[in-house]
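Here are the chains, one letter per residue:
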Amino acid sequence: MNDFNTLKAEAAQSWQRRLLLLTGEPEQSQAKARAMAESVASSLWLGADGIAPKDARHYLGQECELLVVDWHQGIHLDALGALAGCLRGGGVLVLLSPPLEILAAQSPLGAWLAAVLAGRTPKGTSQHVPLNGLSDDQQIALAAGLKVLTGHRGRPLVMTADRGRGKTATLGLLAAEALKAGRGPVWVTAPRFEALAPLFAFAERVLDGAERRGQALYWQGQTIAFYPPDRLLAEQPEAALLLVDEAAAIPTGLLDRIASHYKRLVLSTTLHGYEGSGRGFALRFLPRLKALYPGTQTVHLSEPVRWAAGCPVERDINQMLLLDAEPDPIAAGPVALHWLSGSELVARPAWLKAVMGLLVSAHYQTAPSDIQHWLTDDKVTFAVATCQDQVQGVMALVAEGGLDPALCEAVYLGKRRLKGHLVLQSLSAHLGIKEAPAFEGQRVMRIAVLNRRQGLGSWLLEELERRARLLLVSFAADEELCRFWQRSGWQALRLGSSIDAASGLPSVMMAKGLEDKSQALVAKARARFTEILPWQPGLPAELINRLYQGAEAVALSDWDKRDLARLVAGGANLDTLQLPLWKLAWQAASEGQCPLLVRRWLAGMAWEALGPRKAVLAEVRDWVAQRVP
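Residues numbered from 1 in each chain as written. Predicted model: local features only at pLDDT ≥ 70, side-chain atom pairs only at ≥ 80, totals over all residues. Heavy atoms only, no water.

### Some thoughts on the sheet that holds strand β7 (residues 211-213)
With respect to topology, eight strands assemble into an open sheet ordered β7-β8-β9-β6-β10-β11-β5-β14, the strand pairing being mixed. Two strands close off the open sheet at either side, each with one partner strand: β7 and β14 (297-301). Going across the sheet, the axis of each strand differs from the next one's by a mean of 15°, ignoring polarity. Sheet topology note: the strand β6 (residues 186-189)/strand β9 (residues 222-226) ladder contains three bridges and is parallel. Across the sheet, the residue bridging to Trp-187 is Ala-225, located in β9. Across the sheet, helix α8 (residues 197-206) touches β6, β7, β8 (216-219), β9 and β10 (241-244), and the angle it forms with β9 is around 165°. (Pairing = 2+ DSSP bridges. Helix = DSSP H or I, 4+ residues; strand = E, 2+ residues; numbered from the N terminus. Axes fitted to C-alpha atoms, helices over the stretch in contact; angles between N-to-C directions. Contact = heavy atoms within 4.5 Å.)

### Here we look at the packing of helix α16 (residues 405-412) against helix α17 (residues 422-429)
Relative orientation and spacing of two packed helices are given, respectively, by the angle between their axes and the distance between those axes. The contact between α16 and α17 brings their axes to 8 Å, and the two run at 65°. Here α16 runs over α17; the crossing is right-handed. Within the contact between the two elements, α16 uses Cys-408, Val-411 and Tyr-412 and α17 uses Gln-425, Ser-428 and Ala-429. Considering only residue class, the contact of α16 with α17 consists of four nonpolar, two polar and no charged. (Left-handed = near helix turned anticlockwise from the far one by under 90°. Nonpolar A, V, L, I, M, F, W, Y, C, P; charged D, E, K, R; others polar.)

### Focus: helix α25 (residues 613-627)
Along its 15 residues, α25 runs 21 Å from first to last C-alpha, staying within 8% of the 21 Å computed at 1.5 Å per residue. The set of residues buried in α25 consists of Val-616, Leu-617, Val-620, Trp-623 and Val-624. Angularly, the buried residues of α25 cover 130° about the axis, an arc narrow enough to put them on a single face. Of the residues in α25, the exposed ones pointing more than 90 degrees away from the buried face are Lys-614 and Gln-626. Looking at the buried positions of α25, the neighbouring elements they touch are α22 (558-568), α23 (578-590) and α24 (596-602). (Expected span 1.5 Å × (residues − 1). Buried < 20%, exposed > 50% of the residue type's maximum accessible area, 1.4 Å probe, protein only. Arc of directions from axis to C-beta.)

### Focus on the packing of α22 against α25
At their nearest, the axes of α22 and α25 sit 9 Å apart, and the two run at 130° to each other. As far as their axial angle goes, α25 and α22 are oblique. Of the two elements, α22 crosses α25, and the hand of that crossing is left-handed. Listed contacts from α25 to Leu-564, Leu-567 and Val-568 of α22 are Leu-617, Val-620, Arg-621, Val-624 and Ala-625. (Parallel < 35°, antiparallel > 145°, perpendicular 65-115°, else oblique.)

### Looking at the pattern of salt bridges
Tallied over the entire structure, the rule returns 28 salt bridges. Residues Glu-177 and Lys-180 are paired through a salt bridge, measuring 3.5 Å at the closest nitrogen-oxygen approach. A residue pair is termed a helical-turn pair when its members lie 3 or 4 positions apart in one helix, as Glu-177 and Lys-180 do in helix α7 (residues 167-180) at three residues. Given the relative accessible area of 30%, Glu-177 is considered partly exposed. The closest approach of N and O atoms between Asp-560 and Lys-583, which form a salt bridge, is 2.8 Å. Here Lys-583 lies in helix α23 and Asp-560 lies in helix α22, a separation of 23 residues in the sequence. By relative accessible area, Asp-560 is classed as buried at 5%. Relative accessible area serves as the criterion here: at 15%, Lys-583 is assigned to the buried category. (Salt bridge = Lys/Arg side-chain N within 4 Å of Asp/Glu carboxyl O.)

So this is what it looks like as structure tokens:
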């Protein structure tokens, strides 16, 4: 307890936080930690008999003065990232771990964590008075947010910060001020409702008599309510103000649509955090927002509010979870390609940080759990492209398949689902190709290159083709991404039936066979997929041409042709010619030429919902006339 009391005193004096590493026997370390927990007023425990890793997000917005993380029960980086933000200034993080040499031998991830913990340097203490009220940064951000509410429309605010800067709490205060000014309703969207706990807590604190019900706060006939991104765009409810929290974890395509519709808009995002990639947000979305709204304002919150600046625990967490990893700069010259295991990548710390920085910046939902998977699964490998020792591109790959006949049968019958075999199992379970999981393939989990490195992504895929017989990938079905993969000869084999709430898109699976047997598998799956696709509900209209092009469409009968000719001549109507129009539309899609209006009908929209009936009928007649002589 002496070490704990000393660290606790240092933390209290500096209003920073301290980390205490206990590497003894599990039972002994746990007993010490329990004694520490009993000596403080508030504590959280991640591990056995404490918080389950999957429940860690439910504690966002809470505070504690002691956080115990037990690695003897397994390492869970997402949970550590979430709960570390609950530890306030003056608190202590107690980390229960195997001896560092044993931790390092467990996995590449263990080796990385052990290296970070072994390399920690003592931090000197300084006197600091805890913040009372809003920080200067928060006051500036709140004032800027009120201008969005009361000033000219089309002048959004973008608020950026690292964790612990009071960003979400500031949004809550802004929402409350809007209601007090009679400017409601205020809608809030974010990837996860749980992360908004501080927003609703601060708004409720300011609005005397407010009532919480479900995912909404009611006050004097006005409302602050949460909408998931997909529902917000589907319903597009009118709002006096829209707040978007953790915008970096929402795909830029969805953000574009949100920004186009809502003219009084405040977006906030974490620059370094498990919530999403702030760097990717800055590179991809922010320039488009400023082009749409030249009056866009930006505010950065740099001053911590939950602890004092220079907190060593913040530094340690950022390093362990690689939250502060940044991509390397662009380098000129020839590119070298390195095929590395997780252990080999961890042995090159500079490359590891650049690789993770590039992967995080390129994908909107990369989390520490992804990094944990990549550095613990021995089936994961990396292809790292460097120029002058600077990482310019990377692929993260995982081996799939190789299952024996008994497992293939179990997967086919829906009795087993094996972790890590995403695409090949899906071909069996959803397309009915029993032998698919017996094949061995390499799935591209992530691919990323630096901006302006034109052609590097395609080159990486070409180099991968030299090392595998079957290539696989699964990603959110964005049209631009589909085009990239198809340009490299990959074929779509399955479209997911569910929509991701954050991206608003289904997933698409693609593959490329590189020898006779794998090419036959891909051809078989492609044929079955194109048979199923026209009957799949919820088809995205923008993807129909791209996914169906090259398929063998149902031929028009002579009767169909006579009916369509009658339509062109002014007889019949759209409702009575559903079958021949359906056949003609998919025939056009097989050539990649089905027009948007008709694709929207194929996707489930009624003709009357597509525009004025006469105009729609005239457009369809013109199109049919061009295709049916």
